[in-house]
2 protein chains.
Amino acid sequence: MSTGGLPKSIDLSHHLSDVANARLPSPLKLLAKYAYTPGMIPLAGGMPNPSYFPFSAIHVDALVTNSFAPISLERRQSGTFSWLWNMFGSKEKTVPFAVKKYPDHPGDIDLATTLQYGTAEGSIQLREICQAFTERVYQPAYEDWKVLLHTGNTDGWSRIVTTFTNHGDWILAEEWTYPSALSTVQPWGIKAAPVTVDGEGLSAVDLRKILAGWDEAERGGKRPHVLYTIPVGQNPTGGTLSAQRKQEVYNICVEFDVIIVEDDPYYFLQMPHYVPKETRKTSASPFDTDEDNYLRKLVPSYLKFDWQGRVIRLDTFSKTIAPGVRLGWFTCNPTFAENLLRQGQTSTQAPCGLGQAMVAQLLITWKPDGYIRWLRGLGQQYTDRRDHFIDLLRAKFHTLTSVSEHNFWKGCTVYDAYLETGSPSEKTGAFEKVKCFSFVAPSAGMFIWLKFYFDSHPKFGKKSVETLEMHLWEELAKAEVLVAPGWMFSADQENTPDGKYEGHYRISFSTATFSDMKRGVDIIAEVMKSFLHDD
Amino acid sequence: MSTGGLPKSIDLSHHLSDVANARLPSPLKLLAKYAYTPGMIPLAGGMPNPSYFPFSAIHVDALVTNSFAPISLERRQSGTFSWLWNMFGSKEKTVPFAVKKYPDHPGDIDLATTLQYGTAEGSIQLREICQAFTERVYQPAYEDWKVLLHTGNTDGWSRIVTTFTNHGDWILAEEWTYPSALSTVQPWGIKAAPVTVDGEGLSAVDLRKILAGWDEAERGGKRPHVLYTIPVGQNPTGGTLSAQRKQEVYNICVEFDVIIVEDDPYYFLQMPHYVPKETRKTSASPFDTDEDNYLRKLVPSYLKFDWQGRVIRLDTFSKTIAPGVRLGWFTCNPTFAENLLRQGQTSTQAPCGLGQAMVAQLLITWKPDGYIRWLRGLGQQYTDRRDHFIDLLRAKFHTLTSVSEHNFWKGCTVYDAYLETGSPSEKTGAFEKVKCFSFVAPSAGMFIWLKFYFDSHPKFGKKSVETLEMHLWEELAKAEVLVAPGWMFSADQENTPDGKYEGHYRISFSTATFSDMKRGVDIIAEVMKSFLHDD
């Protein structure tokens, strides 16, 4: 099924910004008509001569695809796997590849092309890889979807904002969301209408409520027609939308003609449920299977439901290869792609050719299944990190486990962490315990979202929760533990609800060593003890 | 002398756009306060673990700095130089360098940093190199200027537009200019007021006339406060502003409070005057000297006159290293830099780390004088190419040389090219000659700007000059010669002056081989012959 360019149900005049509408095709398009004719004598473009490019050849030592085991750390350290992975883990195993200025075989990636001006679509080789990957992994619901490279999801989102919104518009976003996404829209006078988040992520119920009840006069702006959402490993809350919820959200967006911007950097950091350390030795890992079976276990992208072509998916290599390559891609309908392309032509132009060449040649060397194998290992590594951090929190604090009835985490296994404070009870000898924070194990991503209770703080009621949150944050930083304070992630920076007693911190388990994690959790407990007695 | 942040004479409220004014410092700034504290346990950021970056080491074979001789082709091919440069030219000589994931020595460029999220300023090492280079080569007139990396001058200009202009503003630009610069502003409803160009480039007389006589009501907008200019190897006309003219333009910009955006990609493609082939064997090359002497011969940048901090200079590695690295830098006052930085933080973020690392390590390997040596060789190469192309035009067409009195090329040596047409004169036996086009030798850059005369075309008067220009352009393309039609470069797309009989083509001599250039010029002559008889 093809959208035939643009789905009829999508009214472009409604969606494209004034800026995008005024954006003419570049004059270079005219030259392009003839530029690729074989035999053409090139006297038009301002391209430097490739013989003056000072890079003659680039040789890379790349890690092999099975560098990381797809089974949990506990299983690797036990039984028959132990010697195997210890041996393997002791030294990096690499595979070499090279990119030369002039290719050995036609079609090979070469530096003469890579280092030249490129088209804003991105290199042919890398686009073809991303196209095949999108087809295989996300299976878009229509045929003529397009893939277009960008220089990372921040660039991608920025281009979407200037292409699809006008100054003063409202957009929709999760009530807790990625701060940079908000920083991108604020200068354009764009306001985010916060949609409630629950244990999975975006609430379909609240989304419908906001759209159906939109009051232009009260809001001072039209009903939003762009939803910015992080559906997997929601940043910062860590939830992941089920297929069912995505279908619900999609249907609502069809009903109210909303474009879904699916910012999905953590898609391949989906994780199994957290199980306590003791049982991980014997529990099976979802990563320990073949490539196709692994892909089947991942939640579907919005693209899979997108029969209308109203989803703009943002993929990035930042979390799966490296952020420094500044590379990712849009997947969307051809009309949207054409407009996003034009926006790129007059700003970033093409992504860096060296980054494109290195990533493309790496993926060619690895082969498609090899990259999926790499992702399986990576998923396990981040799962190990999450599990280890939660083990540490559970070991350091008294934690009670329950299934939440609270709206925010309804149905999730919640860990409530208590600290012993004051002096022991005369009767039982036990210390008084104060409930400090709660969390659920994230289902994807790099972060644990801690909900802090400030109502037992001596200054609660005298100082705002934001002040206490920042005060504790600064105490932690002075004690050499840097976490992210919760207010940064609030889509609604202006309103503080009445009777609020909860603060938040986002804790990343992606980079710290295991011993630093242990030291960090110990420091957090110490700092909190003195914080709770702070007068 | 320091500007003390921002020169008092520059009224920021006048210059910063509404968008820039609304741009708050990113929340990440808060975290940055502690992020670089030694010993800090990093649980805040969403940075992937560097051990999962699949690039272990990158080894590069780079050309040596003296790969290209700083003396003309004719001298290389004659006498004592001949055997030396033939030997040298026969095989690429390279120098190896490597960038490893973890550095051998502290401060070395490493992949663990390069491949991680970077700051929007760019890598420390590359910024320091650009800073030292700017200091040495351009010698800015005040002290606290800043250097900030961008992903190429198109990105740089795009960021300037959203930072310093509002929707509907007017800017100033040369009457003939880089089409992409116009494509960048048009979607924002920004109009370019064209300033006359002469043999040097931007006319100071016309600039003053436009600014002094600005009529808000007539123009439907305020007097422009941004000048976009290409002062060296002006694209497409090929002129280069003298120091004196730059001083005049700068003074006018002080008087009318205009920011000068100095887009200067061709600065190191400055060339000596064209001398006929016969005399090149014995004429000295300005590139054949030591590094400091070479730099002294280059025209000064606007930065050298910029005692107020109103210049934003755009440098790029596109023409000196390679366009595919998508790297360049702003030089401007610290307040402008801060605002351009914020714009980058929510769009491109940092330039590609691989590109930054490869360029920085290349320049470190080459050393500062080595890079200047490379630029000397490069300048000679493009001079050889220009000279060869002009030789070919002069050999193929009957050319008359004169010093122009025409306003556009006043004082320049102009070549008028004639074609023999029709049948020979009965009296003299000589063919009738038709004046086809004129040109001056460009003083920098990659292009020759041909002024075409359409008044001898049979359809002149019946069809517009633009139509004839495109008709000839298409005939050339069909005959496999691709040039750039002149209308693309017009800042004033709407108005065609009365009585116009001139069209233009921009011809690039940067990429074609010498034999393709010869074939191209032969084809141009053939196509024109039949074009002039086209009924």
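An unreviewed UniProt entry lists chain A under the name PLP-dependent transferase, with Thelephora terrestris given as the organism. Under the Cofactor (unreviewed entry) heading, UniProt states for chain A: "pyridoxal 5'-phosphate".

**Quick look at the overall build of chain A**
The helix and strand tally for chain A stands at 19 helices and 17 strands. For 535 residues, the compact-globule estimate of 2.2 N^0.38 gives 24 Å, and the C-alpha radius of gyration of chain A, at 25 Å, lies within 12% of that figure. Expressed along its principal axes, the backbone C-alpha trace of chain A runs to roughly 95 × 65 × 40 Å. Of all 535 residues assigned to chain A, the portion counted as buried reaches 60%. Total accessible area on chain A is roughly 20500 Å²; 53% of this is exposed by carbon and sulfur atoms. With 54 positive and 61 negative side-chain charges, chain A shows a separation of 4 Å between the mean positions of the two kinds.

**Focus on the interface of chain A and chain B**
The partner chain B presents 115 residues to the 115 residues of chain A that form the contact. Approximately 9300 Å² of surface area, both sides summed, lies buried where chain A meets chain B, with 64% of it carried by carbon and sulfur atoms. Between the two partners, chain A and chain B, sit 2 salt bridges. The residue Glu92 of chain A makes a salt bridge to Lys101 of chain B at a minimum N-O spacing of 3.9 Å. Put simply, chain A and chain B have 49 residue pairs in polar contact (both at pLDDT 80 or more) between them. The element best represented in the side of chain A that touches chain B is strand β2 (residues 55–63) of chain A, accounting for 9 residues. Counted by class, the side of chain A that touches chain B contains 67 nonpolar, 32 polar and 16 charged residues.

**Observations concerning the domain arrangement of chain A**
Residues and elements named next belong to chain A. The assigned domain composition of chain A is domain 1 (12–33 + 124–270 + 289–366) and domain 2 (397–532). Each of domain 1 and domain 2 has a C-alpha centre, and these two points are 32 Å apart. Both faces combined, the contact of domain 1 with domain 2 buries some 1800 Å², and carbon together with sulfur accounts for 65% of it. Area buried by domain 1 at its contact with domain 2 is led by Trp176, Pro236 and Thr237, which between them contribute 30% of it. Summed over the shared surface of domain 1 and domain 2, the number is 7 residue pairs in polar contact (both at pLDDT 80 or more).

**Side note on the packing of helix α10 (residues 204–212) of chain A against helix α12 (residues 243–255) of chain A**
Residues and elements named next belong to chain A. α12 packs onto α10 with a crossing angle of 10° between their chain directions and a minimal axis gap of 9 Å. One way to sum up the angle between α10 and α12 is to call them roughly parallel. Note on element contacts: α12 touches α10 through Arg245, Glu248, Val249, Ile252, Cys253 and Glu255, opposite Ala204, Leu207, Arg208 and Leu211. Broken down by class, the residue content of the contact of α10 with α12 amounts to 6 nonpolar, no polar and 4 charged.

**Examining the state of the cysteines**
Summed over the entire model, instances satisfying the criterion amount to 0 disulfides over all chains. Free cysteine Cys352 of chain A: the closest other cysteine sulfur is in Cys352 of chain B, separated by 3.6 Å. Taking the relative accessible area as the measure of exposure, Cys352 of chain A reaches 6% and is therefore buried.

**A few points about the relation of the copies chain A and chain B**
Each copy superposes on the other: chain A lies on chain B with an RMSD of 0.1 Å after a rotation of 180° and an axial shift of 0.0 Å. In symmetry terms, the pair is related by a two-fold rotation axis. Rotation axis and chain A: the residue whose C-alpha lies nearest the axis is His59 of chain A, separated from it by 2.5 Å. In this assembly the copies share their binding face: 100% of the residues contributing to the interface of chain A also contribute to that of chain B.

**Let's talk about empty space enclosed by the protein**
Counted according to the given criterion, the structure contains 10 cavities of 30 Å³ or more. Quantified by volume, the largest cavity comes out at close to 230 Å³. Partitioned by chemical class, the residues of the lining of the largest cavity number 2 nonpolar, 14 polar and 6 charged.

**Focus on the sheet that holds strand β14 (residues 447–453) of chain B**
Residue and element names in this part refer to chain B. The 6 strands lie next to each other as β11-β12-β13-β14-β17-β16, forming an open sheet whose pairing is antiparallel. With partners counted over all chains shown, the strands left at the sheet margins are β11 (398–403) and β16 (484–485), one partner each. When strand β12 (residues 413–424) meets strand β13 (residues 431–440), the two strands line up antiparallel, connected through 9 bridges. Within the sheet, the bridge partner assigned to Tyr418 lies in β13 and is Lys435. The strands touched by helix α18 (residues 465–478) are β14, β16 and β17 (502–508); relative to β17, the strand with the most contacts, the crossing angle is about 35°.

**Quick notes on the sheet that holds strand β17 (residues 502–508) of chain A**
Residue and element names in this part refer to chain A. Here 6 strands make up an open sheet; going across it, the order is β11-β12-β13-β14-β17-β16 and the pairing antiparallel. The open sheet terminates on both sides in strands that have one partner only, identified here as β11 (398–403) and β16 (484–485). Two strands pair when backbone bridges link them, and β11 and strand β12 (residues 413–424) are joined in this way by 6 bridges, in the antiparallel orientation. Looking across to β12, one finds that Val403 is bridged to Thr413. Lying over the sheet, helix α17 (residues 368–396) contacts β11, β12, β13 (431–440), β14 (447–453) and β17, oriented at roughly 115° with respect to β11. Helix α19 (residues 514–532) rests against β12, β13, β14 and β17 of the sheet, and its axis sits at about 60° to β12.

**Side note on the packing of aromatic side chains**
Overall, the coordinates contain 57 aromatic pairs over all chains when judged by the stated rule. An angle of 20° between the planes, with centres 5.2 Å apart, marks the rings of Phe437 of chain A and Phe452 of chain A as stacked. Of this pair, Phe437 of chain A sits in strand β13 while Phe452 of chain A is found in strand β14, placing the two residues 15 residues apart along the sequence. Accessibility assignment for this pair places Phe437 of chain A and Phe452 of chain A in one class, buried. Taking 6.3 Å as the distance between ring centres and 20° as the angle between the ring planes, the aromatic pair formed by Trp366 of chain B and Tyr371 of chain B counts as stacked. Each member of the pair, Trp366 of chain B together with Tyr371 of chain B, is buried.

**Re the pairing of β17 of chain A**
Residues and elements named next belong to chain A. Within β17, 7 of the 7 residues are buried, which leaves it mostly tucked inside the rest of the structure. Taking every second residue as pointing to the same face, both faces of β17 are buried, with Glu502, His504, Arg506 and Ser508 on one and Gly503, Tyr505 and Ile507 on the other. Bridge count between β14 and β17: 7 bridges; the pairing is antiparallel. From the neighbouring strand, Phe447 faces β17, where its bridge partner is Ser508.

**Observations regarding the environment of Ile230 of chain A**
Residues and elements named next belong to chain A. Tracing the backbone shows Ile230 in the loop between β7 (226–229) and α12. According to the relative accessible area criterion, Ile230 is buried, its value standing at 2%. Spatially, the C-alpha atoms of Ile230 and Pro272 are 19 Å apart, while their sequence positions differ by 42 residues. When sequence neighbours within four positions are dropped, the list of residues in contact with Ile230 reads Glu174, Thr177, Tyr178, Asn235, Asp263 and Tyr266.

**Notes on helix α7 (residues 124–138) of chain A**
Residues and elements named next belong to chain A. Relative to the 21 Å expected for 15 residues at 1.5 Å per residue, α7 spans 20 Å between its end C-alpha atoms, a close match to the ideal helical length. Within the span of α7, buried status applies to Leu126, Cys130, Phe133, Thr134, Val137 and Tyr138. Taken end-on, α7 shows its buried residues confined to a sector of 100°, consistent with a single buried face. Pointing more than 90 degrees away from the buried face of α7 are the exposed residues Ile124 and Glu128. Where α7 is buried, its residues contact β4 (146–150), α14 (291–297), β9 (311–316), β10 (328–332), α16 (353–366) and α17.

Calculation criteria
- Residues numbered from 1 in each chain as written.
- Chains lettered and ligands numbered in written order.
- Predicted model: local features only at pLDDT ≥ 70, side-chain atom pairs only at ≥ 80, totals over all residues.
- Heavy atoms only, no water.
- UniProt positions renumbered as here; feature names shortened; annotations may be inferred.
- Helix = DSSP H or I, 4+ residues; strand = E, 2+ residues; numbered from the N terminus.
- Rg over C-alpha atoms; globule rule 2.2 N^0.38 Å.
- Buried < 20%, exposed > 50% of the residue type's maximum accessible area, 1.4 Å probe, protein only.
- Areas by Shrake-Rupley, 256 points an atom, 1.4 Å probe, with all protein chains shown as cover.
- Lys, Arg positive; Asp, Glu negative; His and termini not counted.
- Charge placed at Lys NZ, Arg CZ, Asp CG, Glu CD.
- Contact = heavy atoms within 4.5 Å.
- Buried area = accessible area lost by both parts, 1.4 Å probe.
- Salt bridge = Lys/Arg side-chain N within 4 Å of Asp/Glu carboxyl O.
- Polar contact = N/O pair within 3.5 Å; in protein donor to acceptor, adjacent residues only side chain to side chain.
- Nonpolar A, V, L, I, M, F, W, Y, C, P; charged D, E, K, R; others polar.
- Domains from an automatic or database assignment.
- Axes fitted to C-alpha atoms, helices over the stretch in contact; angles between N-to-C directions.
- Parallel < 35°, antiparallel > 145°, perpendicular 65-115°, else oblique.
- Disulfide = S-S within 2.5 Å.
- Least-squares fit on C-alpha atoms with pLDDT ≥ 70 in both.
- 1 Å grid on protein atoms, 1.4 Å probe; cavity = no way out; pocket = protein on both sides within 12 Å on 5 of 7 lines; lining within 4 Å.
- Points joined across faces, edges and corners; volume = space filled by probe spheres on them.
- Pairing = 2+ DSSP bridges.
- Phe/Tyr/Trp six-rings, centres within 6.5 Å; stacked < 30°, edge-to-face > 60°.
- Expected span 1.5 Å × (residues − 1).
- Arc of directions from axis to C-beta.

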